[in-house]
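Next come the chains, spelled out residue by residue.
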Amino acid sequence: MTSDGSAPRDAKFQYRWVADELRKEINSEARSPGERLPTQEELAQRFQVSRATVNQALSVLRKEELIVTRQGSGSFVASEPGEPHRVPPPAGRHQESDVWAVVSERVPPVLLKPYLVEAFEANVVRLDVFSMTTESLAARVVDQKDRIVAGEISPPRSITARLLLPNAESKALAIPRQVADEDDPRVRARLGGILHSHVTMLRSALFELRRLKLVEEVDVQVRLVPFAPQVKLYILNNRVVLQGFYIPEKGTATLPDGEEVETFDAYGTGATLYPFRASADSTPEQVGVVRATRKFFNATWDNLSTKALF
């Protein structure tokens, strides 16, 4: 989920709004790991709030381990808790600055971009995705569409996408949810609008490739489930699985009528993902995760979802 970016009028929400905006910039790759944030004075001027409000917002991000503050140097985007060392991407992959890992971990956390770049260089592209809004995916798919249109990569023969998303009409959604109210249909309606806009962006990008006669076969299917995902899943070309967690957090949302409300939500844009690959040189554990994830996705698609009407 994301907010609409408008500043709350209620002063008690302002530091949370500033934290939300900076969190989105960090999670969406607009700010890279290790990058220095603007000074408190610059942030106060940008958001038109007091330095005390900025300080509160930075405190929230420090508690979430998204930033670190060094005495006399300022605040910096954290790579991961403990500021781990960077490691290079897998051999043969383009060098990307947004791939990093904790060296002692067997499964290094990554971001979506380099894996989607790889997926679209295949002759047959298949995307199976279970997420809150497809915001991260839609932006990256537009990037890959632009690469194909510009002739940077050969067009695939076919592109198939299956998108599993939460049904915004379901009262059973745990997130997004107003903190002071078990269910507020306005909060769910806001989710529905965000979800619809990003699905439309993704569909438009892929069908433009078919309209331009660059990709012969394009198929995009969308189904809804009556619950919010706790884990973001990408299955790319049936061989690579990326998994990431939606962390429930308190935040603020501006409703269509202009009211600001405090919500429980999860900000998955640019979330850290964990990769598993099924290939000839993969470990049995990696292959097992890919097979289990595909089985989970297919069973959820077949048994628990309904066709989206939009």
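See the structure above.
About the cut-offs
- Within each chain, residues carry numbers counting from 1 in the order of the written sequence.
- In keeping with the predicted nature of the model, local features appear solely for residues at pLDDT of at least 70, side-chain atom pairs appear and are counted solely at 80 or more, and the whole-chain, interface and lining totals rest on all residues.
- Note: side-chain values were computed over all heavy atoms of the structure, leaving out hydrogens and water.
- Salt bridges are identified by distance alone: a Lys or Arg side-chain nitrogen within 4 Å of an Asp or Glu carboxyl oxygen.
- Here a strand is any run of E in DSSP of at least two residues, a helix any run of H or I of at least four, and the numbering for each starts at the N terminus.
- Partly exposed residues are those whose accessible area sits between 20% and 50% of the maximum for their type, while under 20% is buried and over 50% is exposed, using a 1.4 Å probe and protein chains only.
- Pairing between strands is defined by DSSP: at least two bridges between them are needed.
- When checking whether two residues touch, look at their non-hydrogen atoms; a contact exists if any pair is within 4.5 Å.
- Each axis is a line fitted through C-alpha atoms, taken for helices only over the stretch in contact, and angles between the N-to-C directions span 0 to 180 degrees.
- Only rings of Phe, Tyr and Trp enter the pairing, Trp through its six-membered ring, and a pair is recorded when the two centres are within 6.5 Å. The plane angle decides the type: under 30 degrees is stacked, over 60 is edge-to-face, the rest tilted.
- Throughout this description, the term nonpolar core refers to a set of buried Ala, Val, Leu, Ile, Met, Phe, Trp, Tyr and Cys residues connected via side-chain atoms within 4.5 Å.
- By this rule, a helix spans an expected 1.5 Å times one less than how many residues it contains.
- The directions considered for the arc are those from the helix axis to the C-beta atoms.

A. Representation of the pattern of salt bridges in the model. Scanning the entire structure with this criterion turns up 19 salt bridges. A salt bridge links R23 to E249, with the nearest nitrogen and oxygen atoms 3.6 Å apart. Of this pair, R23 sits in helix 1 (residues 14–27) while E249 sits in strand 9 (residues 248–254), and the two are 226 residues apart along the sequence. On the accessibility criterion, E249 (15% relative accessible area) is buried. Notably, a salt bridge pairs R31 with E25, separated by 2.8 Å at the nearest N-O pair. Residue R31 shares its accessibility class with E25, and that shared class is buried. Beyond isolated ion pairs, a larger network of salt bridges with shared partners links E25, R31, E35 and R46.

B. Spotlight on the sheet that holds strand 9. Taken together, the 3 strands give an open sheet; going across it, the order is 5-10-9, and neighbouring strands pair in antiparallel fashion. Bordering the open sheet on either side are strand 5 (177–178) and strand 9, each of which pairs with just one other strand. Two strands pair when backbone bridges link them, and strand 5 and strand 10 (residues 260–266) are joined in this way by 2 bridges, in the antiparallel orientation. Across the sheet, residue R177 finds its bridge partner in strand 10, namely F264. Along the sheet, helix 1 makes contact with strand 9 and strand 10, crossing strand 9 at roughly 105°.

C. Just the packing of aromatic side chains, in detail. A complete count under the given rule lists 4 aromatic pairs for this structure. Ring centres 5.2 Å apart and planes at 80° place the aromatic pair W17 and F47 in the edge-to-face group. With W17 in helix 1 and F47 in helix 2 (residues 40–47), this pair connects stretches of sequence that are 30 residues apart. F47 matches W17 in its accessibility class, with the two residues each being buried. Ring geometry for F130 against F296: centres 6.4 Å apart, planes inclined by 35°, an arrangement best described as tilted. With F130 in strand 3 (residues 124–130) and F296 in helix 7 (residues 284–303), the pair connects residues that are 166 residues apart, well separated along the chain.

D. Looking closely at the pairing of strand 3. With 5 of 7 residues buried, strand 3 lies mostly within the body of the structure. Alignment of strand 3 against strand 4 (residues 158–166), held across 7 bridges, turns out to be parallel. What sits directly across from V125, in strand 4, is I159. In terms of strand pairing, strand 3 meets strand 7 (residues 231–236) through 4 bridges, oriented antiparallel.

E. Spotlight on the nonpolar core. F120, L127, V141, L206, L236 and L242 are the most contacted members of the largest nonpolar core, which has 35 residues in total. Of all the secondary-structure elements, those providing two or more residues to this core are helix 4 (112–119), strand 3, helix 5 (135–149), strand 4, helix 6 (185–211), strand 6 (217–225), strand 7 and strand 8 (240–245). Ranked by residue count, the leading element in this core is helix 6, at 6 residues. Once residues lying within four places of it in the same chain are set aside, the contact partners of V141 are L116, F120, L127, L202, A205 and L206. Counting 17 residues, the second-largest nonpolar core is a separate cluster that includes L22, L43, V49 and L58.

F. Inspection of helix 7 at higher detail. Taking 1.5 Å per residue, 20 residues should reach 28 Å; helix 7 reaches 28 Å between its end C-alpha atoms and fits that length. Among the residues of helix 7, those classed as buried are Q286, V287, V290, T293, F297, T300 and W301. What you see down the axis of helix 7 is that its buried residues fit within an arc of 165°, all on one side. Every exposed residue of helix 7 that faces more than 90 degrees away from the buried side is listed here: P284, E285, R291, K295, D302 and N303. On its buried face, helix 7 sits against strand 3, strand 4, strand 6, strand 7, strand 8 and strand 11 (274–277).

G. Spatial organisation of the environment of L43. Within the secondary structure, L43 sits in helix 2. On the basis of relative accessibility, which here comes to 1%, the residue L43 falls in the buried class. L43 sits 11 residues away from V54 along the chain, and the two C-alpha atoms are 6.8 Å apart. When sequence neighbours within four positions are dropped, the list of residues in contact with L43 reads L22, P38, V54 and L58.

Any functional reading would require information beyond the geometric quantities listed.
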